[in-house]
There are 2 protein chains.
Amino acid sequence: MSGAREGLDVALAEARAGLAEGGVPIGAALLGPAGEVLGRGHNRRVQDGDPSAHAETAAFRAAGRQRSYADTTMVTTLSPCWYCSGLVRQFGIGRVVIGEARTFHGGHDWLTEHGVQVQVLDDAECARIMHEFVAARPELWFEDIGRAR
Amino acid sequence: MSGAREGLDVALAEARAGLAEGGVPIGAALLGPAGEVLGRGHNRRVQDGDPSAHAETAAFRAAGRQRSYADTTMVTTLSPCWYCSGLVRQFGIGRVVIGEARTFHGGHDWLTEHGVQVQVLDDAECARIMHEFVAARPELWFEDIGRAR
């Protein structure tokens, strides 16, 4: 899949920016047909007090209104949760590139079933960042996926 | 389901506010265990140029960070799309009250399958507002659900 690595580098830079801000280190970018960045963003739950600001939603929002998403690619450092998987399905985003799905397995198999082209890169750096974050701030991570107790 | 009608009145007021602003007339409210409004909002695609600002996401965002959603109810004037259905599933929102599912049938059957308590009120006023809007502004409506051509 062309541009997957370059897209993941953008998403990783977003994840690192989020971590530096004290937030959940997940980043994403929405790419156009030629791999150009239409929108990029990272999780902003902590920074904005906004529980809807998952990385994929942030990147989608930053891209503004688009006529069609069929030829776009959502690149994200982590397997998308049901919320962000629903985003991909509803808007017909054609491809999803995932940094890793070791630390969290979201809805990407469901996306494959529904015709989305999904690629899991199993990137060690994405996994390292999330693994360390979940170990350090488990309460924040579980809150972010709706499993707060 | 207690508070369903009262909640729908809040969501309908939001939908009407969106219509008055020139936007897509869909409103929602997230209710707490006693029926209190935790957050409310309406679709703001046109107003903010934000394609992620579906009504349910707007209400969820307005409620801020919550410890648990198990005892909350999402009330929406229209059957939730896959994006907003994914929101409900991911965050474990316990109940969904839907004004109508005539003009659009989203992911609420899927939510029922996954244990969410779903009630469709089949409210004539919700259906009238959406029916008139889709007839008047079909291009905007199809853009809002990712079917722009």
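Residues numbered from 1 in each chain as written. Chains lettered and ligands numbered in written order. Predicted model: local features only at pLDDT ≥ 70, side-chain atom pairs only at ≥ 80, totals over all residues. Heavy atoms only, no water.

As recorded in an unreviewed UniProt entry, chain A goes by the name Nucleoside deaminase, listed as coming from Saccharopolyspora montiporae. Regarding chain A, the UniProt comment filed under Subcellular location (unreviewed entry) reads as follows: "Cytoplasm". According to the UniProt record, the Subunit (unreviewed entry) comment for chain A is "Homodimer." (UniProt positions renumbered as here; feature names shortened; annotations may be inferred.)

**Student:** Describe the packing of aromatic side chains, naming the residues involved and giving the relevant values.
**Tutor:** What characterises a pair of aromatic rings is the spacing of the ring centres plus the angle enclosed by the ring planes. What the rule picks out here adds up to 16 aromatic pairs over all chains. Between Trp82(A) and Trp110(B) the ring centres are 5.5 Å apart and the planes differ by 70°, which places this aromatic pair in the edge-to-face class. Note that Trp82(A) is positioned in helix H4 (residues 82-91) and Trp110(B) in helix H5 (residues 108-113), a pairing that runs across two chains. Comparing Trp82(A) with Trp110(B), the two get one shared label, buried. The interplanar angle of 20° and the centroid separation of 5.2 Å between the aromatic rings of Trp110(A) and Trp110(B) together place this pair among those described as stacked. (Phe/Tyr/Trp six-rings, centres within 6.5 Å; stacked < 30°, edge-to-face > 60°. Helix = DSSP H or I, 4+ residues; strand = E, 2+ residues; numbered from the N terminus. Buried < 20%, exposed > 50% of the residue type's maximum accessible area, 1.4 Å probe, protein only.)

**Student:** Now, about the relation of the copies chain A and chain B: what can you tell me, with residues and values included?
**Tutor:** Taken as rigid bodies, chain A and chain B are interconverted by a rotation of 180° and an axial shift of 0.0 Å, the fit giving an RMSD of 0.0 Å. With respect to symmetry, the two chain copies, as superposed, fit the operation of a two-fold axis. Across chain A, the rotation axis passes nearest the C-alpha of Gly86(A), at a separation of 2.5 Å. Here 100% of the contact residues of chain A are again contact residues in chain B; the copies associate through an equivalent surface. (Least-squares fit on C-alpha atoms with pLDDT ≥ 70 in both. Contact = heavy atoms within 4.5 Å.)

**Student:** An account of the interface of chain A and chain B is needed here, citing residue identities and associated values.
**Tutor:** Taken together, the contact between chain A and chain B spans 32 residues of the former and 32 residues of the latter. A buried area of about 3,000 Å², summed over both sides, lies between chain A and chain B, and 54% of it is on carbon and sulfur atoms. The three residues of chain A that bury the most area against chain B are Arg65(A), Tyr83(A) and Gln90(A), which together make up 25% of that side's buried surface. Applying the counting criterion to the chain A and chain B interface returns 4 salt bridges. Viewed at the interface, chain B and chain A are joined by 13 residue pairs in polar contact (both at pLDDT 80 or more). Only helix H2 (45-48), helix H3 (55-62), H4 and helix H7 (138-144) of chain A provide two or more residues apiece to the side of chain A that touches chain B. Looking at which element gives the most residues to the side of chain A that touches chain B, the answer is H4(A), with 7 residues. Its residues placed into classes, the side of chain A that touches chain B shows 14 nonpolar, 9 polar and 9 charged. (Buried area = accessible area lost by both parts, 1.4 Å probe. Salt bridge = Lys/Arg side-chain N within 4 Å of Asp/Glu carboxyl O. Polar contact = N/O pair within 3.5 Å; in protein donor to acceptor, adjacent residues only side chain to side chain. Nonpolar A, V, L, I, M, F, W, Y, C, P; charged D, E, K, R; others polar.)

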